[in-house]
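Architecture at a glance
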Amino acid sequence: MSGTRTVGLLLLLWGGACLRLPGAAQGALVIPGPDGGAEEARHSARLLQKRSTQPVRAEVLSVKVDCAVTSRFAHTVMTSTALNKANVSQEIFFEVELPKTAFITNFSMEIDGQVYVGEVKEKETAKKQYEKAVSSGQTAGLVKASGRKMETFSVSVNIAAESNVTFVLTHEELLQRKLGQYEILTRVKPKQLVQEFQIVANIYEPQGIAYVETHATFLSNELLPLVEKTVTEKKAHIAFSPSLDQQRKCPGCDGTLIDGDFVIMYDVKRTSSLGDIQIVNGYFVHFFAPPGLSRVPTNVVFVIDRSGSMSGNKMHQTREAMVAILQDLKEDDYFAIVPFDDEIIWWKETLTKATKENVTEATEYVKGLYASGGTNINGALLKGVNMLLTDRAEKRIPERSINMILLLTDGMPNHGETDPKRIQENMASANAGNMTLFSLGFGNDVDYSFLNVLSQKNKGLARRIFEGSDATLQLKGFYEEVSSPLLSEVDLRYPDNAVDLLTSNHFSQLFNGSEIVVAGRLADNNLDNFLVEVVGQGFEDNFQVQGKSAALDWATTYPDEKYIFGDFTERLWAYLTIQQLLEKRKSGSSDEKVNATAKALDMSLRYSFVTPLTSMVVTKPETEKGPDSPLIADKLTEEERQQAERNSRYHHRQTFPSYNAPIPSSNVPVPSYNAPAPPSYFVDGDPHFMIELPNKDDALCFNINDKPGTIFTLVKDTKSGILVNGQIIGDKQIPADGKIYTYFWRFGIIHRNLGVKMEVSTNGISVFQDDSRLKLRWSNTTSIKGDGMDILLTKDRSLTVTLKDSVKFVILLHKVWKKHPYHRDYLGFYTLDTHLLSPSVHGLLGQFYHGIEYTVSNLRPGEVPEKPDATMHVKGRELNVTRGWQRDFRSDVKNGENVPCWFIHRNGTGLIDGEASDYIVSGLFKTA
């Protein structure tokens, strides 16, 4: 994929039924999630509309997308007009998807001749305005939804009867060249027939246009001729404007064909080895991608995480990607494979030439990789560095070749050196600028910020690999981008007295199909002094070229065009500078971070860019329901996107109704500012084991049935000295149905490193530490802070225990009526914080503390209609599972909260390691 331009439009027009929503929701901004748009709100509206006798009378008059690209800098204006034809006011929604790399520069609404224009403000100032509006009862919205390649802007506004509204959104972006082309991707989803629908793109490239191609996912044979394409030497015009009838799925029906992606791909002509320099209004931009260069051989070490969290589909997709990548190696490349978990292993001690025989052997090795253990990122990276440095010193690899490490991981380091900052320092020190590190973060739990800084400090970059069916293609696609270097250590030099305010002009590599872009301001208008020099290291010789450039006469180049915006070089320079400052504020020193943040904020405000440091505030019009209220549009960083995705998945689980057990949905609601929920592991009831996985928006559960008095190991971590055993108890007598129900009534807990032993039963709590003993009664409320251990006892309800640097858990007391003919008091055990336990932690609960990978398919009717069956693929097995629910009693110890889960039958066989009987021990504090 090249520098992606993504635009989408969606107008939803709701009828008068919206006026019947509760007051807090009236006029509320409904924001779509990463994979869909405001689905819950739409569903509610549809239900309301079914009950309403008021017909919906609203019409989308026009949807227009106007994109002008001048020298790779894209300026896109999206305009949409809707008319409320009803005799009551209605809520109208405007929703658009734009590229993550684009900056919103303007948004406005025109309602009854009154224009409401957005204003870019410092983010904290905007947030205070938002919070003030919320606290005073006004409706306000935060636009923060984000997806894989795009983010969503959405706003709703209440429109009076027989009135219309026009929305205008503008954003700008520097297109990036990848794999030999630029790409403009317009996502169009109007959801209904539109009177006037139009996509127009004008491309102005003074360097000359090499080719232009267009296609769309929704283009039929009937629609294909409607795409107009006119290409001259330095300009391209593309237009798509189907009529109302041409949009219809069938004659006379209301469904629309327009639903998908409209794609434009192009490249420019390249004849000069110096590149192309354009000077406009005192600013210059230099595009450098010289033709005819030979590829430089690469020496690459693939450092592959094979820890337990990579098990299942992640490991499968990694193997598939590595097989494909190995086939793409060139025979003059050298490579090594370093898989790691808590131990560091390798395929061969030195790098190997990528001959056909060696690639075949490596392919078989990769196919045998499996996942288990912890995550020693530090050791694996240092092994890769040592291999490259040693082979370079001993001349086993070509002198003119480029060293790189490609790290693939899905988690945080939890073995060996685990401090991210120390790992970053260790890697930078060992590398000493001799190689490039590319980090691929697999999935949503990876610490992307850590990987990003780690790569930046080692001349590389990080990229997230999203979990999904196309993860293999993502991995392979990234390697294709970086596997063909043409130059290394590239410097673009300009006379010191001729330019200032220069963007970054040193680059570690230039890859085939990519482009280097440098921009700056001219110190004076004496272009005779503007001598440009580019130097770098090529395959056979050093690269060096010099030349002069003159200002382009735009009036001569485009005599019949009114130039779209004459300051494009200045805005391109500002865009590029802000992007680089935002990166520097992550990886620089403390002073550099402060200065970079201040400069990026100042420039974002000066050029009205919505960046991670600013927000756009739009005051929505006053209505009969309330005063003016603000909309705030934010720009997310990759880390904020990642957290928002976690939040949205957790929030979605919380919205499941308690009376049934729904299947996980792909419709994800809007992310919020709340912290992401960690996974939960607990056992409660008779006894029900539950593994909640918010990052998967899902949960797994199983029961363990055995005779009363049996003691099970729940958690065992020999490295940190943690042991938790639990003993079950049966009912007072066998009930009429003859089934024996068992519950945990006693837990034995040991922390050998702290010298702590605890016995918790339904009768009371005993704590032993060193030579002291403490007895507590459930009838008391008390808080104790000790050396390495904190205890909080809530009367007749719960015991919260925090053991220093290891684990935090809660034990709930379930009290039963003393005269109950069958049941007894029992306990529930909930682990709240487990991330400090070692990778070797095990037990019926402990084995899941570092995650579990699985997929569910073949959904089918079960024995009970509301509990469907499915096939689960986990640990190399296929299990028949049933959708059900279990209860979480943390918030309501009496009734509990129903949590949907996939139920694994037969005492968890196939999900747990071994059999349930393997976890039986002889005593409450025994390990066997």
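The preceding data block contains the structure.
Numbering of residues starts from 1 in each chain and follows the order in which that chain's sequence is written. Local features in this predicted model are restricted to residues whose pLDDT is 70 or higher, and side-chain atom pairs enter the listing and the counts only when it is 80 or higher, whereas totals over whole chains, interfaces and linings include all residues. By convention in this description, side-chain values take in all heavy atoms of the structure and omit both hydrogens and water.

Pairs of strands are assigned from DSSP output, requiring at least two bridges between the strands. Secondary structure is summarised from DSSP: a helix means a run of H or I of at least four residues, a strand means a run of E of at least two, and numbering begins at the N terminus for each. Taken in spatial order, the 4 strands line up as β28-β26-β30-β31 in an open sheet, and their pairing is antiparallel. Looking along the sheet, the strands with just one partner apiece sit at the ends: β28 (506-511) and β31 (542-548). Averaged over all pairs of adjacent strands, the angle between strand axes in this sheet comes to 25 degrees, irrespective of strand direction. The pairing of strand β26 (residues 485-493) with β28 spans 5 bridges and is antiparallel. In the sheet register, Ser-488 faces β28, and the bridge partner there is Gln-509. An axis is simply a line fitted to the C-alpha atoms; with a helix, the fit covers only the stretch in contact. Between two such axes, the angle follows the N-to-C directions and lies from 0 to 180 degrees.

Here, the word disulfide means a covalent bond between the sulfur atoms of two cysteines. Cysteine sulfur atoms that come within 2.5 Å of each other are treated as a disulfide pair. For the structure shown, the criterion picks out 2 disulfides. At a sulfur-sulfur separation of 2.3 Å, the disulfide partner of Cys-250 is Cys-253. The rule is simple: take the accessible area with a 1.4 Å probe, protein chains only, and divide by the maximum for that residue type; under 20% is buried, over 50% is exposed, in between is partly exposed. Given a relative accessible area of 18%, Cys-253 falls into the buried group. Disulfide partner of Cys-701: Cys-901, at an S-S distance of 2.1 Å. A torsion of 65 degrees about the S-S bond marks the disulfide between Cys-701 and Cys-901 as right-handed.

Turning our attention to the pairing of strand β51 (residues 897-904). Here β51 lies mainly inside the structure; 6 of its 8 residues are buried. Pairing analysis gives 2 bridges linking strand β36 (residues 698-703) to β51, with the strands arranged parallel. Note that in β51 the partner of Cys-701 across the bridge is Phe-903. Bridge count between strand β50 (residues 877-888) and β51: 8 bridges; the pairing is antiparallel. Bridging from a neighbouring strand, Arg-883 pairs with Trp-902 of β51.

Attention shifts here to the sheet that holds strand β25 (residues 462-465). Read across the open sheet, the 6 strands follow the order β22-β21-β20-β23-β24-β25; overall the sheet is mixed. The open sheet terminates on both sides in strands that have one partner only, identified here as β22 (352-353) and β25. Where strand β21 (residues 334-340) lies against β22, 2 bridges are found, and the strand directions are antiparallel. Looking across to β22, one finds that Phe-335 is bridged to Thr-352. Its contacts with the sheet put helix α5 (residues 356-367) on β21 and β22, and the angle it makes with β21 is roughly 10 degrees. In what follows, a contact means two residues having at least one pair of non-hydrogen atoms within 4.5 Å.

Time to look at the side chain of Asp-491. Looking at the secondary structure, you find Asp-491 in strand β26. Only four residue types enter the tally: Lys and Arg on the positive side, Asp and Glu on the negative side; His and the chain ends are excluded. Definition used for salt bridges: Asp or Glu carboxyl oxygen within 4 Å of a side-chain nitrogen of Lys or Arg. Although Asp-491 is buried, it makes no salt bridge; Arg-493 carries the closest opposite charge, 4.2 Å away. In this structure the side chain of Asp-491 is engaged in a polar contact, spanning 2.9 Å, whose partner is the side chain of His-506. Those residues in contact with Asp-491 that sit more than four places away from it in its chain are Asn-505, His-506, Glu-533, Val-534 and Val-535. By the criterion applied in these results, polar contacts are pairs of N or O atoms within 3.5 Å in which, for protein atoms, one can donate a hydrogen and the other can accept it, and in which residues neighboring in sequence qualify only through two side-chain atoms.

Let us now look at the environment of Lys-367. Topologically, Lys-367 is positioned in helix α5. A sequence separation of 49 residues divides Lys-367 from Thr-318, and the C-alpha atoms of the two residues are 9.5 Å apart.

Look at helix α4 (residues 313-328): 23 Å from first C-alpha to last across 16 residues, which is about the 22 Å you get at 1.5 Å a residue. Every buried residue belonging to α4 is among Lys-314, Met-315, Gln-317, Thr-318, Ala-321, Met-322, Ile-325 and Leu-326, and all of these are buried. Taken together, the buried residues of α4 touch β20 (298-305), β21, α5, β23 (402-409), β24 (436-442) and α9 (471-482). Helix span, as expected, comes to 1.5 Å for every residue beyond the first.

Paired rings are identified among Phe, Tyr and Trp, the last through its six-membered ring, by centres lying within 6.5 Å, and are further divided according to the angle between planes into stacked (under 30 degrees), edge-to-face (over 60) and tilted (the rest). Applying the stated criterion across every chain, the model contains 30 aromatic pairs. Between the aromatic rings of Phe-94 and Phe-167, the centroid separation amounts to 4.9 Å while the plane-to-plane angle is 15 degrees, which identifies the pairing as stacked. With Phe-94 in strand β5 (residues 90-99) and Phe-167 in strand β11 (residues 164-174), this pair connects stretches of sequence that are 73 residues apart. No difference in accessibility class separates Phe-94 from Phe-167, as the two residues are buried. Three or more aromatic residues joined by ring pairs make a cluster, and in this case those are Phe-73, Phe-103, Tyr-283, Trp-573, Tyr-575, Tyr-607 and Phe-609. Whether a charge sits over a ring comes down to the Lys NZ or Arg CZ being within 6 Å of the ring centre and within 35 degrees of the ring normal. Above the plane of the ring of Phe-287 lies Arg-72, whose end atom (NZ or CZ) is 3.8 Å from the centre. Looking at Lys-757, its charged tip hangs above the ring of Phe-925, at a distance of 4.7 Å from the centre.

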